[in-house]
Amino acid sequence: PDLGHHSVFLSPDGRAGWDVVFGGDGGLPGRPSFYVCCPAKTDPSAAPPGDESVMVLVPCGCEARHGTGDYSDVVRRARAAVLDRMQQVGISIGDRIVTEAVYTPTDLRERYGTFRGAAFGLSHTLGQLVAFRPANRHPTLPNLYFVGASTTPGNGVPLVLTGAAMAARR
């Protein structure tokens, strides 16, 4: 698709869309924000020659908001919203999807042990970003350091790897 390595599609509903995810029932906004990663744009080995590898992340409420179990309606609506929004900007990928894998908050909890299936560790609000997250050094046990999405510097692979490097240097 005509996308860069990283693309962000913001909901035209602004804050109201995020309020559905982080408040209320934790469902999915009618027009959600989402992130798209096309790694083959910078690493050709991420897809067979002539093909693409596309990952889409659609934030939805974790199990604390939505509950455990059936996310099939959220998945169906998220998929439709992503394909529709991409089509609106001239990117048509729906008929080109060969393989598709979906991970819900329940999958994240069961497979990776994330708290209540939260993809971003702690709450992904301004008060929980980067320096506002809990310290990566234990306050009373010397030489005990933490690494991961729920500690400084934060979530996402680059920041977790930065946290690992920080812990290793200390």
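Everything numeric in this text was worked out from a predicted model, so none of it was measured. (Residues numbered from 1 in each chain as written. Predicted model: local features only at pLDDT ≥ 70, side-chain atom pairs only at ≥ 80, totals over all residues. Heavy atoms only, no water.)

Engineer: Would you explain unusual backbone geometry in this entry?
Structural biologist: Peptide bonds are, in most cases, trans, and in most cases residues other than glycine have a negative phi. With a phi close to 65°, Asn 143 is a non-glycine residue in the positive phi region. If you trace the backbone, Asn 143 turns up in the loop between α4 (105–112) and α5 (157–169). (Helix = DSSP H or I, 4+ residues; strand = E, 2+ residues; numbered from the N terminus.)

Engineer: Explanation requested: α5 in the structure shown.
Structural biologist: Residues separated by three or four positions in an α-helix point in the same direction, a consequence of the helix having 3.6 residues per turn. Under the 1.5 Å per step criterion, the end-to-end length of α5 is 18 Å for 13 residues, consistent within 8% with the ideal 18 Å. For α5, the set of buried residues is Gly 163, Met 166 and Ala 167. Down the axis of α5, the sector holding all buried residues measures 95°, keeping them to one side. Exposed and facing more than 90 degrees away from the buried side of α5 are Val 157, Pro 158, Leu 161, Ala 168 and Arg 169. (Expected span 1.5 Å × (residues − 1). Buried < 20%, exposed > 50% of the residue type's maximum accessible area, 1.4 Å probe, protein only. Arc of directions from axis to C-beta.)

Engineer: Even after reading the chapter, I still don't get the pattern of salt bridges, so can you show me in this structure?
Structural biologist: Oppositely charged side chains are able to pair whenever their charged atoms sit close together. Under the definition given, this model contains 7 salt bridges. Between Asp 13 and Arg 31 there is a salt bridge, with its nearest N and O atoms 2.3 Å apart. Of the two residues, Asp 13 is situated in the loop between β1 (6–9) and α1 (15–22) and Arg 31 in the loop between α1 and β2 (34–37); the sequence distance between them amounts to 18 residues. Relative accessible area serves as the criterion here: at 29%, Asp 13 is assigned to the partly exposed category. Residue Glu 110 pairs with Arg 109 through a salt bridge whose shortest N-O separation is 3.8 Å. Since its relative accessible area comes to 56%, Glu 110 is described here as exposed. Arg 109 sits in the partly exposed class, given a relative accessible area of 31%. (Salt bridge = Lys/Arg side-chain N within 4 Å of Asp/Glu carboxyl O.)

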